[in-house]
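# Structure assessment
Now for the letters of each chain:
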Amino acid sequence: MSLLFRSQLRFVRHAPWSAATALLGVALGVASVAAVHLISAAVVRSLDERTPSHLAGLTHVLERTPLSADDYFRLRAAWRAHPDAPIEALVPMVEGHRLIDGRQTLVLGVDWLAMPSPPLDAARADAGESGAVSSDVLLGEAVVADRTLGRAAGERIEAVGRSVRIDTVADTALGPALITDIALAQHLLGLGPETLSRVGLELDDPWQPWRERLDRLMPGFAAGLPRARAGTLAELAPELERAGADEWRARPVVAERPEAEFARAVLFNLGSLGTLALLVAWFLIYQIGLIWLRRQRLLLERLHAVGVDHRALRRSFLSVFLTLGALATLLGLVGGFVLARLLIALTGGGLTEAGSFGIGRALPDVWLLAKAVGSGLGVCLLGGLAAFAREWHERNWSSAWRLFAPALLVLLALGLALESTGVLGGFLAILSMSLLAVALVTPLLGLLRRRMSGARGPLWLRLALRDVAWYPRLLGVALAALSLAVATSIGIALMVESFRLDFERMLDVRLAGDLYLDAADADSDALERWLAARPEVARLQAYGAVRSRIAGVPVELGYTRFDAAESARYRHPRPLGSDEALISERLARDLDVAPGDVLPVARGALTVVGTFPGFGDPLGRVLVDVAALDRLQVPAAFDRITVHLKPRADAAELAARVRERFPAVRLESRAELRAEVLRVFDRTFAITRALTLVALLVAVVGTYNALTALRLQQASTTRLLRAQGMSGRELRQIALVRALGVGGLAMLLALPLGLAMAWTLCTVINPRSFGWSIELHLPASGWLLPLVLGLAAALVAGALPAPRERGTLHEAA
């Protein structure tokens, strides 16, 4: 161990309070990142396990109108004639719906032998922990059934005069569905052997392994990149351009799983928020580095004067920070597991579907270890390096900022204006505006310093306010970190409150009935007839839904009797005609359609007459009147019923009678359903609130550290003031006013920055992530509470007693 390194360690031992705050701040930052990684990786594993077998290994889906087996064979022949084309596999598929057990059931057939992965392994992907799938599925003698059908392995299904055995029950994420060989699917759907629905494609992509590694390092990161756009096969494989490839439309396979894309978008947003505490921890390390260098300035200058190389001083200084970073990484990893379990508990298991991912029993994977080590050591190394460079004038910061600020402005403008930059562009815009706001700290303190030159009032008040303005290097970093943490809290709180207000308005409009019945596992026709005969029932509304496609995009086609009352629930002024449809805002964005456009739905066409938010719907939704089903050639199967009661009718009594007569029916009242939906809503955002509190805690640690350093630096001034007769009460008032000044300035910066963040989250990031926009509201609970908490945190940091340092600076050296 070198003499210089030992001198640095002795200095740290004589000022343990700063090392402890550094260790705590970085450990919290690493814990935040580790917890988000653990949760995200668990969710991604769950999504991967639910990948339907017919999509295993595929990258795109090909479609053309019309599509026949001859078209597929011509395309396959062209591919074989051009071996240099970047195509690895072509897989014909067929898809349709049948009424099975009175339920609309998706029947999906695939040519297993053409799959890029071994057919048996592909089929087993759907089995999960249920056991292996036998070769009967591959030979078309059995089917894989989705769990929602309520059937068990070994049972038989009667369809189209044929008895088919269920080989495996799986969670396919497709709803009521059967997956089997293509020939059996054509028979069940009553289609000829020449009929196909689409062709799966595996495209050779040299960048795909790198994207997968990046997604393992940062689960959900791919959702932050711009969405891959549909195109022609000729654009993907120019070698086939002369073979009619321009007639085939190609869509990324992620479009087949919108619920998985939705979940990954949530994970990307969560991961971005998880790095906030790490960013604030960097400010803390940078601030501590400046404090340590300033307190050792005389010693380091003397060492340099006697011949110690400048780089050797820097290495010894950074080695201490790397040591702290290693300890913080270990603490952060342990804390990450604890924090992950706490965050799961906050959601009530909702994010993780019962929270059974085994996070507490899991061992850190290599990606988590790499991220934790990179975060802990990286923050300490970069923070210490930046502090050394600034304090020893290794960089011309003013000239660098003149180049950096315009670049941030350009990045901000591009991230907000160009939708093609995706969610990542929106978060880069937030980062740019945050760094620009942080840059305003020093000018703001300079302005306050000029204002304070002629201030009047009690001596203790002038001294306290002067300390805030006259030490920008010491307090500026803490002020920036605190303002950034509070601004993020404001931005997220306003977004959540705005979302909640819009969501509650939608609920108030949609929940117009008194009782809501789910009859998926019961005889819905018998239930509807029994309810219609009840004297207390004023009106019944039956609903059904089927999975369909529009321009190849999977959608949920919902149908009911759309009279004026039902249309009003979606803010449409009149009943829907048999050729009209309402579509969700997400689907309108995906298809780039607006009211007045005509959409091909099932085997017909509908005119879009309006849109609705569709909050939380992973699939795009199309709503039609039941009269449109004949035109679309879709059989009706109702499985949900809304009951409107007459005045003074007893809803609880009717609910009890329904449960007694139809025990398979799931029933909820309007109040119960509304309360449950809002409870799920609040649990969904519990993690975001918790992560912002972690970042705020790190910022408070930084504020305490800066105020403590200021008090220790002014110890001689304090002794002089005591000698001149200033009381202990006045000295405490100075400390509190100083903390109030720091907190007030931080809140002054945080409020406009938080409002800008909230606007970006509502109008830029939410539409790009989930397909719907949110009207920005400014309730006091959204911005006032974070401001009060931030100000109170600064006051607490200023009121805490300052630690005592042992020895003197020279003794530490």
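Residues numbered from 1 in each chain as written. Predicted model: local features only at pLDDT ≥ 70, side-chain atom pairs only at ≥ 80, totals over all residues. Heavy atoms only, no water.

With that out of the way, let us pick up the packing of aromatic side chains. Summed over the entire model, instances satisfying the criterion amount to 10 aromatic pairs. Judged by centre distance (5.3 Å) and plane angle (65 degrees), the rings of tyrosine 570 and phenylalanine 612 are edge-to-face. Of this pair, tyrosine 570 sits in the loop between helix H19 (564-568) and strand S14 (580-584) while phenylalanine 612 is found in strand S16 (residues 604-612), placing the two residues 42 residues apart along the sequence. Residue class for phenylalanine 612 comes out buried when judged on its relative accessible area of 3%. Connected via pairs of aromatic rings, a cluster forms that spans Trp282, Phe283 and Tyr286. (Phe/Tyr/Trp six-rings, centres within 6.5 Å; stacked < 30°, edge-to-face > 60°. Helix = DSSP H or I, 4+ residues; strand = E, 2+ residues; numbered from the N terminus. Buried < 20%, exposed > 50% of the residue type's maximum accessible area, 1.4 Å probe, protein only.)

Applying the stated rule across the entire model yields 25 salt bridges. Between arginine 74 and aspartate 71 there is a salt bridge, with its nearest N and O atoms 2.4 Å apart. Here aspartate 71 and arginine 74 lie together in helix H3 (residues 69-81), a separation of three residues that amounts to about one turn. On the basis of relative accessibility, which here comes to 53%, the residue arginine 74 falls in the exposed class. Arginine 666 is the partner of aspartate 518 in a salt bridge, and the nearest nitrogen-oxygen pair spans 2.7 Å. With aspartate 518 in strand S11 (residues 515-518) and arginine 666 in strand S19 (residues 666-669), this pair connects stretches of sequence that are 148 residues apart. (Salt bridge = Lys/Arg side-chain N within 4 Å of Asp/Glu carboxyl O.)

Here helix H22 (residues 651-661) has its buried residues at Leu654, Ala655 and Val658. For H22, the buried positions fall inside an angular range of 100 degrees around the axis, keeping them on one side. Among the exposed residues of H22, those pointing more than 90 degrees away from its buried face are Ala652 and Glu660. Its buried side turned inward, H22 meets S11, helix H18 (524-532), strand S12 (537-550), strand S18 (640-645) and S19. For H22, the capping residue at the N-terminal end is aspartate 650, with a side-chain oxygen 3.1 Å from the backbone nitrogen of alanine 652. (Arc of directions from axis to C-beta. Contact = heavy atoms within 4.5 Å. Polar contact = N/O pair within 3.5 Å; in protein donor to acceptor, adjacent residues only side chain to side chain.)

Here the focus is the pairing of S14. Taken across its five residues, S14 has five buried, putting it largely inside the fold. Burial along S14 is two-sided: the residues Glu580, Leu582 and Ser584 and Ala581 and Ile583 are all buried. Inspection of the sheet shows S14 paired to S16 by five bridges, in the parallel sense. Bridging across to S16, leucine 582 finds its partner in glycine 610. Examined bridge by bridge, S14 and strand S17 (residues 620-625) share two bridges and lie antiparallel to one another. Within the sheet, the bridge partner assigned to leucine 582 lies in S17 and is leucine 623. (Pairing = 2+ DSSP bridges.)

The next thing to look at is the sheet that holds strand S15 (residues 598-601). Strand order in this open sheet of nine strands is S15-S16-S14-S17-S13-S12-S18-S11-S19, and the pairing throughout is mixed. The sheet is open, and its two borders are formed by S15 and S19, each paired with just one other strand. On average, each strand axis in the sheet is inclined to that of its neighbour by 30 degrees, with strand direction left out of account. Note that S12 and S18 share six bridges and pair antiparallel. By the bridge assignment, valine 537 is partnered in S18 with leucine 645. Along the sheet, H22 contacts S11, S12, S18 and S19; its crossing angle with S11, the most-contacted strand, is approximately 15 degrees. (Axes fitted to C-alpha atoms, helices over the stretch in contact; angles between N-to-C directions.)

As a further point, take the nonpolar core. In this structure, Trp292, Leu343, Leu482, Val486, Phe499 and Phe503 are the most contacted members of the largest nonpolar core, which totals 122 residues. Here this core takes 18 residues from helix H17 (residues 472-510), the largest share from any one element. Setting aside residues up to four positions removed in sequence, leucine 343 forms contacts with Ala35, Ile39, Ile687, Ala690 and Leu691. (Core = buried A, V, L, I, M, F, W, Y, C linked by side-chain atoms within 4.5 Å.)

What follows covers unusual backbone geometry. The omega torsion of the bond from threonine 65 to proline 66 falls at -10 degrees, within 30 degrees of zero and hence cis. Looking at where proline 66 falls in the secondary structure, it is placed in the loop between strand S1 (60-63) and H3. Although it is not a glycine, aspartate 592 sits at a positive phi angle of roughly 55 degrees. Assignment of secondary structure puts aspartate 592 in the loop between helix H20 (585-591) and S15. Given a relative accessible area of 67%, aspartate 592 falls into the exposed group.

Attention shifts here to the confidence of the model for the protein. Here the protein averages 80 in pLDDT, while 85% of its residues score no lower than 70. Confidence, read as mean pLDDT per element, is least for helix H28 (residues 809-812) in the protein (37) and greatest for S14 (92). Considering only residues more than four positions removed or in separate chains, one finds that residues 120-132, a stretch of pLDDT under 50, has 31 contacts. The model gives residues 807-813 a pLDDT under 50, and that stretch makes 14 contacts with residues more than four places away or in other chains. (pLDDT = per-residue confidence, 0-100.)

A few words now on the sheet that holds strand S9 (residues 231-232). Overall, mixed pairing links the 10 strands, which are arranged S5-S6-S4-S7-S3-S2-S8-S1-S10-S9 in an open sheet. Whereas interior strands pair on both sides, the edge strands pair on one side only; in this sheet they are strand S5 (156-159) and S9. In this sheet, strand S8 (residues 198-203) lies alongside S1 in antiparallel orientation, the contact comprising three bridges. Following the sheet pairing, leucine 62 is matched in S8 by valine 199. In the packing of helix H5 (residues 182-189) onto the sheet, contacts are made with strand S2 (87-100), strand S3 (103-110), strand S4 (142-146), S5, strand S6 (162-170) and strand S7 (177-181), and the angle to S2 comes to roughly 30 degrees.

Burial within S4 is extensive, with five of its five residues counted as buried. The side-chain alternation of S4 yields two buried faces, one formed by Ala142, Val144 and Asp146 and the other by Val143 and Ala145. Alignment of S4 against S6, held across five bridges, turns out to be parallel. Each bridged residue has a counterpart across the sheet, and for valine 143 the counterpart in S6 is isoleucine 166. Where S4 and S7 come together, two bridges link them in antiparallel fashion. Bridge pairing links valine 144 to isoleucine 179 in S7.

Along its 13 residues, H3 runs 18 Å from first to last C-alpha, staying within 8% of the 18 Å computed at 1.5 Å per residue. Among all positions of H3, only Ala69, Asp71, Tyr72, Leu75, Ala78 and Trp79 are buried. Buried residues along H3 sit in contact with S1, S2, S8 and helix H7 (233-236). (Expected span 1.5 Å × (residues − 1).)

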